Amino acid sequence: MKPTRNSIYAALSCMALAGCAAPSPTPDLPPGPPPDARPAPVPKSTPARAVPARNVYDLYFLGGQSNMDGYGFVEQLPAGLSGKVARVRIFTGLARLDGEDFGGIGLWQPLTPGHGTGVRNDGQTVTLSNRFGPELTFGRRLAELDPAARIALVKYSLGGSALAMNVGYGNWHPDTTGPFAVNQYDHALATLANARKQ
């Protein structure tokens, strides 16, 4: 089933608000176990994951508003969080207002502090800011949980933007028309497309 613009919007809206999983239809699934069935035992250890191919990554999209931007000060990070995160790469899309061009351009690089509000890039170079967001500990924790995984984070956010039209500094509604038809939803999709090209 090919995702529609509205189903993608629902997933992005959900992620922006609460970080929940996108809904997926399950019309042909067999019925589940009876309510009184005992759960299967949990194995005592998880089998080792095979080493992934060189260019295979687990991809996570981080999208939203000011909380996703990140306003933590890099200088206040403990020493254990101040360096590069092994096996984690990030593509931070350039945030633009509704109706502006070039939203979502970026460049893959190792995850380090500085991808919070104020990070700048032109698609060729990235100038880190003095702020960090949830990508830093999220990426670090994913790498800790699976030592064999390669993690790719794609981030696009604009503080003050809204999910509805005519509210805030921009909106994420997929059906916006008029002079601001290109909006945060489109910039987020452009970020994902640009990340995939590189």
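Rules behind the numbers
Residues numbered from 1 in each chain as written. Predicted model: local features only at pLDDT ≥ 70, side-chain atom pairs only at ≥ 80, totals over all residues. Heavy atoms only, no water. Core = buried A, V, L, I, M, F, W, Y, C linked by side-chain atoms within 4.5 Å. Buried < 20%, exposed > 50% of the residue type's maximum accessible area, 1.4 Å probe, protein only. Helix = DSSP H or I, 4+ residues; strand = E, 2+ residues; numbered from the N terminus. Contact = heavy atoms within 4.5 Å. Phe/Tyr/Trp six-rings, centres within 6.5 Å; stacked < 30°, edge-to-face > 60°.

A.B. asks: Explain the nonpolar core to me, please; I cannot follow it from the model alone.
C.D. replies: Side chains of a nonpolar character, in soluble globular proteins, are inclined to be buried together. Core analysis: the largest hydrophobic core is formed by 15 residues, its most contacted members being Leu 77, Val 85, Val 88, Leu 111, Leu 136, Ile 151 and Leu 153. At the level of secondary structure, the elements contributing two or more residues to this core comprise β3 (85–92), α3 (135–145) and β8 (151–157). When sequence neighbours within four positions are dropped, the list of residues in contact with Ile 151 reads Tyr 57, Asp 58, Tyr 60, Arg 87, Val 88, Arg 89, Leu 142 and Ala 143. Ranked by size, the runner-up nonpolar core spans ten residues in total, among them Trp 108, Leu 163, Ala 188 and Ala 195.

A.B. asks: When you look at the packing of aromatic side chains in this model, what are you seeing that I'm missing?
C.D. replies: Here a ring pair, both rings aromatic, is described through the centre-centre distance and the interplanar angle of the planes. The final tally for this structure, using the stated rule, is three aromatic pairs. When the centroid spacing of 5.6 Å and the interplanar angle of 85° are considered together, the rings of Tyr 60 and Phe 138 count as edge-to-face. One end of the pair, Tyr 60, is in strand β1 (residues 58–64); the other, Phe 138, is in helix α3, with 78 residues separating them in the sequence. Classification of Phe 138 by relative accessible area gives partly exposed; the value is 32%. Consider the rings of Tyr 156 and Trp 172, whose centres lie 6.0 Å apart with planes at 65°: the pair is edge-to-face. Within this pair, whereas Tyr 156 is found in strand β8, its partner Trp 172 is found in the loop between β8 and α4 (184–197), the two being separated by 16 residues in sequence. No difference in accessibility class separates Tyr 156 from Trp 172, as the two residues are buried.

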